[in-house]
Amino acid sequence: MILAVYASILSLSLWLSYQLRFDFFVEPGFETHRDSIAVSILWIIPLKLCVLLIGRQFSGLLAFFSTPDLIRLFSSVSIGSALIVIPRLLNMGIMTPPRGVILIDFVLSLFLLGGFRVACRIFRERWQGESSGGKRRTAQRVA
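Figured I'd write up the structure that's included with this text. (Residues numbered from 1 in each chain as written. Predicted model: local features only at pLDDT ≥ 70, side-chain atom pairs only at ≥ 80, totals over all residues. Heavy atoms only, no water.)

1. Examining the nonpolar core
- Within the largest apolar cluster, 22 residues are counted, with the highest numbers of intra-cluster contacts made by Leu 73 and Leu 113.
- Of all the secondary structure elements, the ones that give two or more residues to this core are α1 (2-21), α2 (32-54), α3 (67-90) and α4 (99-131).
- Counting residues per element, this core draws most heavily on α4, which supplies 6 residues.
- Apart from the residues lying within four places of it in its own chain, the contact partners of Leu 73 are Leu 52, Gln 57, Phe 65, Leu 110, Leu 113 and Gly 114. (Core = buried A, V, L, I, M, F, W, Y, C linked by side-chain atoms within 4.5 Å. Buried < 20%, exposed > 50% of the residue type's maximum accessible area, 1.4 Å probe, protein only. Helix = DSSP H or I, 4+ residues; strand = E, 2+ residues; numbered from the N terminus. Contact = heavy atoms within 4.5 Å.)

Next comes the structure, spelled out in structure tokens:
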């Protein structure tokens, strides 16, 4: 289930990156733009999911998200974006998105994945607070 949610978030991020880069309008003469989105999604999303898997983003509980998790998420998304840039720089003939799309996708991926994890944490903390009778725990001084 986590894999499906992350794949959906990454697909949304890539699609939105293309739309933002081209101002939500495909100019006449650039009809291959739509095909490039589909081809890009087919190889970029699995690549990013593999990098997130290696970066241990699927291990542990989603609701526990802290600064070290954010650093690992940043590292994973950075490596994934760097791996997308390499074929573009080497002109390997693979359908790679424009540099602007890659940069926007990096920012959106980090923001959306991090936002999802923070939302899970906030939901857990609120739900856990209500299940404990609505009482807030106060700190007690230990002598």
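2. Considering a nonpolar patch on the surface
- A contiguous nonpolar surface patch, about 590 Å² in accessible area, is contributed by Ile 79, Leu 83, Ile 86, Leu 89, Leu 90 and Met 92.
- Within the element layout of this structure, Leu 83 appears in helix α3. (Patch = residues over 30% accessible without salt bridge, like charges linked within 9 Å, V, L, I, M, F, W, Y side chains within 5 Å. Areas by Shrake-Rupley, 256 points an atom, 1.4 Å probe, with all protein chains shown as cover. Salt bridge = Lys/Arg side-chain N within 4 Å of Asp/Glu carboxyl O.)

3. A few points about unusual backbone geometry
- Here the phi dihedral of Asp 23 falls at roughly 55 degrees; this positive angle occurs in a residue that is not glycine.
- Inspection of the secondary structure assignment puts Asp 23 in the loop between α1 and α2.
- Here Asp 23 falls in the exposed class, since its relative accessible area comes to 63%.
- Look at Arg 56: it is not a glycine, yet its phi comes out positive at around 60 degrees.
- Following the sequence through the fold, Arg 56 ends up in the loop between α2 and α3.

4. With respect to the side chain of Arg 117
- By the secondary structure assignment, Arg 117 is in helix α4.
- Although Arg 117 is buried, it makes no salt bridge; Asp 69 carries the closest opposite charge, 4.3 Å away.
- Within the structure, Arg 117 has its side chain in polar contact with the side chain of Gln 57 (distance 3.5 Å). (Lys, Arg positive; Asp, Glu negative; His and termini not counted. Polar contact = N/O pair within 3.5 Å; in protein donor to acceptor, adjacent residues only side chain to side chain.)

5. Regarding the packing of aromatic side chains
- Counting across every chain of the model gives 3 aromatic pairs.
- Ring geometry for Tyr 6 versus Phe 116: centroids 6.3 Å apart, planes at 85 degrees, classification edge-to-face. Linking Tyr 6 in helix α1 with Phe 116 in helix α4, this pair joins segments that are 110 residues apart in sequence.
- Measuring from ring centre to ring centre gives 5.9 Å for Phe 74 and Phe 106, while their planes differ by 70 degrees; the resulting arrangement is edge-to-face. Of this pair, Phe 74 sits in helix α3 while Phe 106 sits in helix α4, and the two are 32 residues apart along the sequence.
- Using a relative accessible area of 43% as the deciding quantity, one classes Phe 74 as partly exposed.
- In this structure, Arg 21 packs its charged tip against the face of Phe 22, placed 4.6 Å from the ring centre. (Phe/Tyr/Trp six-rings, centres within 6.5 Å; stacked < 30°, edge-to-face > 60°. Lys NZ or Arg CZ within 6 Å of the ring centre and 35° of its normal.)

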